[in-house]
Amino acid sequence: MNTLRFIRENLSWLSAGLVLTFSSSFGQTFFLSIFAGEIRAEFSLTHAHWGGIYMLGTLCSAVAMVWVGGLTDHFRVRVLGPSVLLVLSLACISMALVSSVPMLIALIFVLRLMGQGMSSHVASTAMARWFVAARGRALAVASFGFSIAEATLPILFVGLMAFVGWRSTWLVAAGALVVIAPVIFLLLKQERTPQSSATDNQIAGMNDRHWTRWDVLKSPLFWMVAPVLIGPPAFGTAFFFLQVHLAEVKGWSHFDLVRLFPVYTGMSICAMLASGFAIDRFGTGRIMAVYTLPLAIGFLIFSQSATLLGGAIGIAFFAMTSGMQATLPSAFWAEFFGTRHLGSIKAMATSIMVFGSAVGPGLTGLVIDLGVDYSRQMVWVSAYMVAATLIAYVGLRTARAALSRAPQVDVVSA
């Protein structure tokens with residue numbers, strides 16, 4: 001199917017996914033970190049205290065995702081998507097009024113659960129369930145919302161904060177979400193194969209089965225791919241969380257390091273789009289087995305680089321994995337385990353990745369305190385990713401034989 005024609009014919013559904021991933025940014029690390037200085041000053045928090053609060057809230061959201069994420073198997077995206085955004089907007093309003101550390105922990109939990117967790121989960125689950133032949137492209141288009149937010153929101157909100165203060169800036173974020181929520185509802189006036197009324201359009205996974213979450217947990221394949229799923233969110237989040245530290249150990253200014261981030265953004269977008277096409281052409285099995293190798297190569301290059309050029313090359317390789325991470329895992333769960341219980345399966349997987357994003361910064365920070373800077377740790381991260389890739393390759397090579405080779409089509413069911 002011609003890609004432009006595909007986008008045009010499915011514009012409302014793809015736009016809903018894009019808007020949801022864009023909205024998830026209000027609970028993502030890159031957005032919340034904008035307010036780190038003001039929050040620490042407001043509550044007299046050290047870096048360690050703030051990091052601990054952030055990790056605790058994120059870990060709790062990872063646990064909650066296991067159950068909350070399963071709602072995508074029971075409610076239409078038209079209802080669930082706006083509901084998630086409205087809860088997220090209430091959390092933003094509460095951030096403008098936060099008055100104690102316990103309240104701050106609770107709000108970090110809600111922001112991470114509804115933003116990083118549910119908003120992106122609802123979007124990617126919908127794309128993976130609604131589309132089959134063009135699943136990769138649909139996920140790539142929807143994930144582009146996150147790239148747009150990453151490129152625009154920090155600049156906009158940092159500038160806004162200088163004029164109205166950090167608390168009022170959260171009210172602006174809440175207002176944006178209140179406006180966006182009904183847009184999702186309108187875009188999905190006609191929803192593709194809604195889960196609540198179209199059970200005949202579910203696509204089976206390996207051995208022509210509709211796997212449940214419990215079935216997936218008992219599958220060796222799940223445990224063999226889990227290490228590659230944890231790696232990018234754990235150590236990628238740590239990279240950005242520790243960017244000031246990395247600049248210091250490299251002898252660069254923080255501004256010089258940040259100047260390399262457009263390389264990351266551009267390459268991740270290219271990898272995201274390319275992986276969407278590759279998924280539709282080759283399936284997820286072959287790509288899933290090797291997609292973390294660029295991260296391993298990138299971290300190794302970055303760790304050994306003394307120049308900004310070398311750092312840029314390392315970041316470019318790292319970005320390849322980040323871009324593929326936006327599309328590949330969601331397509332993988334749908335292809336190998338089916339779509340009937342996709343929401344609960346993917347909620348479990350999302351919980352694992354959120355857990356990684358919480359533990360990664362804490363673990364690497366602990367090792368830094370023991371005297372090993374993150375630049376040197378990157379060598380061990382690279383070794384971990386190579387080992388994880390080998391384990392995933394063995395598991396996926398066996399599992400591909402169990403996939404059905406029936407023709408794939410995308411049909412709208414109102």
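Our subject is the structure listed above.
Quick caveat, the model's predicted, so the values are computed rather than measured.

Caption draft 1: Layout of helix α18 (residues 328-337). Of all the 10 residues making up α18, 10 are buried; the element is thus mostly covered by neighbouring parts of the structure. Of the positions making up α18, those classed as buried are L328, P329, S330, A331, F332, W333, A334, E335, F336 and F337. Within two residues after α18, G338 carries a phi angle of roughly 90°, on the positive side.

Caption draft 2: Spotlight on helix α9 (residues 166-187). Between the first and last C-alpha of α9 there are 32 Å, a value that for 22 residues agrees with the 32 Å anticipated at 1.5 Å per step. When we look at burial in α9, the residues that qualify are W166, T169, W170, A173, A174, L177, I180, A181 and I184. Buried residues of α9, seen end-on, are gathered within an arc of 145° and therefore sit on one face of the element. Projecting away from the buried face of α9 at angles above 90 degrees are the exposed residues V179 and L186. Those residues of α9 that are buried lie in contact with α2 (11-23), α3 (29-32), α4 (36-43), α6 (77-97), α7 (101-130) and α8 (135-164).

Caption draft 3: Just the packing of aromatic side chains, in detail. In total, this model carries 27 aromatic pairs according to the counting rule given. Taken together, a centroid distance of 5.1 Å and an interplanar angle of 80° make the contact between F31 and F157 edge-to-face. One end of the pair, F31, is in helix α3; the other, F157, is in helix α8, with 126 residues separating them in the sequence. Owing to a relative accessible area of 6%, F157 belongs among the buried residues under this scheme. Among the aromatic residues, ring-to-ring pairing joins F239, F240, W252, F261, Y264, F299, F302, F318 and Y374 into one connected group. Directly above the aromatic system of F185 lies the positively charged group of R78, at a separation of 3.8 Å from the ring centroid. The ring of W211 has R209 sitting right over it, with the charged end atom 4.0 Å from the ring centre.

Procedures and definitions
- Residues numbered from 1 in each chain as written.
- Predicted model: local features only at pLDDT ≥ 70, side-chain atom pairs only at ≥ 80, totals over all residues.
- Heavy atoms only, no water.
- Buried < 20%, exposed > 50% of the residue type's maximum accessible area, 1.4 Å probe, protein only.
- Helix = DSSP H or I, 4+ residues; strand = E, 2+ residues; numbered from the N terminus.
- Expected span 1.5 Å × (residues − 1).
- Arc of directions from axis to C-beta.
- Contact = heavy atoms within 4.5 Å.
- Phe/Tyr/Trp six-rings, centres within 6.5 Å; stacked < 30°, edge-to-face > 60°.
- Lys NZ or Arg CZ within 6 Å of the ring centre and 35° of its normal.

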